[in-house]
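Residue-level listing of the chains:
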Amino acid sequence: MASVLVIDDDPAVRMTVKLVLERAGHRVSVAPDGRAGLVALAAGGIDLLVVDLFMPGMDGLETLREARKRHANLPVIVMSGTSLDAPGQTAPDFLAMAVKLGAVSSLQKPFKPRDIIGAVAACLASETAPRRAAP
């Protein structure tokens, strides 16, 4: 299975995603913010990155941009708990924006375990899915 790095500032989300993906057979490491995530990514051995968009300090979009600079072929799944599809909502759709910046997939929180497992499987099964990030 794959080695997945999960970056999220919410400890409950980090641990839940970690447990769900480990039960699906993946090796999972976690980071509490974008900066710590980039350090973990730089160590190498990561096949897939899952990152929250809204975090203090380095947000998910900035983390995505930096990860893309260093590991252009690493598949990234973005997730967000901010709902932006309410009637009259004028804020941009950050999940769609992240996909345009290079994320392979996006998930709106809250999501079901099968959703994250399916997103990870789809990213890894894709013919264009890049392989492991080297240090």
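Further up the page is the structure itself.
Residues numbered from 1 in each chain as written. Predicted model: local features only at pLDDT ≥ 70, side-chain atom pairs only at ≥ 80, totals over all residues. Heavy atoms only, no water.

Let us now look at the overall build of the protein. Scanning the protein from N- to C-terminus turns up 5 helices and 5 strands. Each helix (α) and strand (β) of the protein, taken in turn from the N terminus, gives the series β-α-β-α-β-α-β-α-β-α. Counting all 135 residues of the protein, 46% fall into the buried class. Here the analysis covers contacts within the protein between residues at least 6 apart in sequence; of these, 72% occur between residues at least 24 apart. Carbon and sulfur atoms make up 57% of the accessible area of the protein, which amounts to about 6,800 Å² in all. (Helix = DSSP H or I, 4+ residues; strand = E, 2+ residues; numbered from the N terminus. Buried < 20%, exposed > 50% of the residue type's maximum accessible area, 1.4 Å probe, protein only. Contact = heavy atoms within 4.5 Å. Areas by Shrake-Rupley, 256 points an atom, 1.4 Å probe, with all protein chains shown as cover.)

The subject of this paragraph is the packing of aromatic side chains. With the rule as written, the count across this model stands at 1 aromatic pair. Aromatic side chains Phe54 and Phe94 sit 5.2 Å apart centroid to centroid with 90° between the ring planes, which places their arrangement in the edge-to-face category. Of the two residues, Phe54 sits in the loop between strand 3 (48-52) and helix 3 (60-70) while Phe94 sits in helix 4 (residues 94-100), which places them 40 residues apart along the sequence. Judged by its relative accessible area of 36%, Phe54 falls in the partly exposed class. (Phe/Tyr/Trp six-rings, centres within 6.5 Å; stacked < 30°, edge-to-face > 60°.)

Our next topic: the nonpolar core. One finds Leu5, Ile7, Leu41, Leu49, Val78 and Ala98 to be the most contacted residues of the largest nonpolar core, which totals 20 residues. Secondary structure elements with two or more residues in this core: strand 1 (3-7), helix 2 (34-42), strand 3, helix 3, strand 4 (76-80) and helix 4. Considering each element in turn, this core owes the most residues, 3 residues, to helix 3. Contact partners of Val78, with chain neighbours within four places excluded, come to Val51, Leu53, Leu95, Ala98, Ala103, Ser105, Ser106 and Leu107. If you look at the next biggest cluster of nonpolar residues, it comprises 18 residues, including Val17, Val50, Met79 and Ala119. (Core = buried A, V, L, I, M, F, W, Y, C linked by side-chain atoms within 4.5 Å.)

Read these as spatial facts, not as claims about activity.
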